[in-house]
Amino acid sequence: MKDVIVLKKGPWVAGVCPRLGGNLVYLLYNSKNVLRPLVDESQIDTNPYLQGSPILLPANRTYEGKFTFEGVEYTLPLNEPRTNSHLHGLVLFQSFFVVDQTDTSITMKFVNKNGAVYPFDFEMTVTYSVDDNGLSQEFDIKNIGDKNMPYTFCLHTTFAIPYGQFTFPVKERQEAINDIPTGRYIELTDVEKKFVTGSPARDVAMCGYYSAAGHTVTVDDFVYTVSENFDHWITWNAWGKDDYVCLEPQAGKVNGLNIPDGHLVLTPGQSHVYTTKYSHA
């Protein structure tokens, strides 16, 4: 696929596409897929979220594509008719420009102005780097406007599952009806409790929003560690019938722009930084 920048170090090879939302379109360890790769752009037409690790802002669903913040109502495009929601934001479709690049690292930036993809001015600077121990990511979200900015943020991290064993540090489920949270948290089911100690990813239906009980997941013999300011995890695996499992770190709640304590706020000039690390056990 064109426009992919390749980073290599030791057993690790990462492919990054600035043109496609700065997505980490593949990640290999000793030629083994860690993430479900984007190998053909026709995959985006089928489902743009299920290859690599797309960047989501605002994250997940915003019901009716509307929210009110500091007395002003804002609207987002309705792009999921099934739930009458705005889904996953539009950052993942934007072109990032390259700020710096070496054989082992890349820094990219996206600037949102005048409501292009979100009603608040912000810039996102993303750095990916590989070394002998794995791939590190940093996401710096900065409010470049003159008013407070609410947001939620997520990485739609889509792991390949040749064997399909994983652990997932979650505490409670965010109760939802038709994928829109009710505002309540409920106890994990017996199946979900096994996610914490170890579960197969195939033939087990997974679709849920959870408060975080930790910041490290494992998939087979790979380890994915995220910064502590990710306070929720999301999971999805096509009901256990496909070749992937999404284990997504999220800052804020699903539909969080409509929940008083469900989102983060950046004051003018303020930045929030999130980090992740992929490694091999």
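The rules behind these values
- Within each chain, residue numbers correspond to sequence positions counted from 1 in written order.
- Note on the predicted model: pLDDT of at least 70 is required for a residue's local features to be given, and 80 or more for side-chain atom pairs to be given and counted; whole-chain, interface and lining totals, by contrast, use all residues.
- Side-chain calculation: all heavy atoms of the structure are included, whereas hydrogens and water are not.
- Paired strands, in this sense, are two strands between which DSSP finds at least two bridges.
- The helix and strand labels rest on DSSP assignments: H or I over at least four residues marks a helix, E over at least two residues marks a strand, and numbering proceeds from the N terminus.
- We call two residues contacting when some pair of their heavy atoms lies within 4.5 Å.
- Each axis is a line fitted through C-alpha atoms, taken for helices only over the stretch in contact, and angles between the N-to-C directions span 0 to 180 degrees.

S.K.: Break down the sheet that holds strand 4 (residues 32–33) for me, with residues and values.
M.R.: Taken in spatial order, the four strands line up as 1-2-3-4 in an open sheet, and their pairing is antiparallel. Edge strands, defined here as strands with exactly one partner in the open sheet, are strand 1 (5–9) and strand 4. Looking at chain direction, strand 3 (residues 23–29) and strand 4 are connected through two bridges and run antiparallel. Bridge assignment links leucine 28 to a residue of strand 4, and that residue is asparagine 33.

S.K.: An account of the sheet that holds strand 22 (residues 216–219) is requested, with residue identities and associated values reported.
M.R.: With respect to topology, nine strands assemble into an open sheet ordered 10-11-12-13-27-23-22-17-20, the strand pairing being antiparallel. Two strands in the sheet have a free side with no partner beyond their single neighbour: strand 10 (97–101) and strand 20 (199–200). Sheet topology places strand 22 next to strand 23 (residues 222–226); four bridges connect them, and they run antiparallel. The residue bridging valine 217 from the neighbouring strand is tyrosine 224, located in strand 23. Contacts from helix 2 (residues 190–197) reach strand 17 (165–167) and strand 20, with the element oriented near 90° to strand 17.

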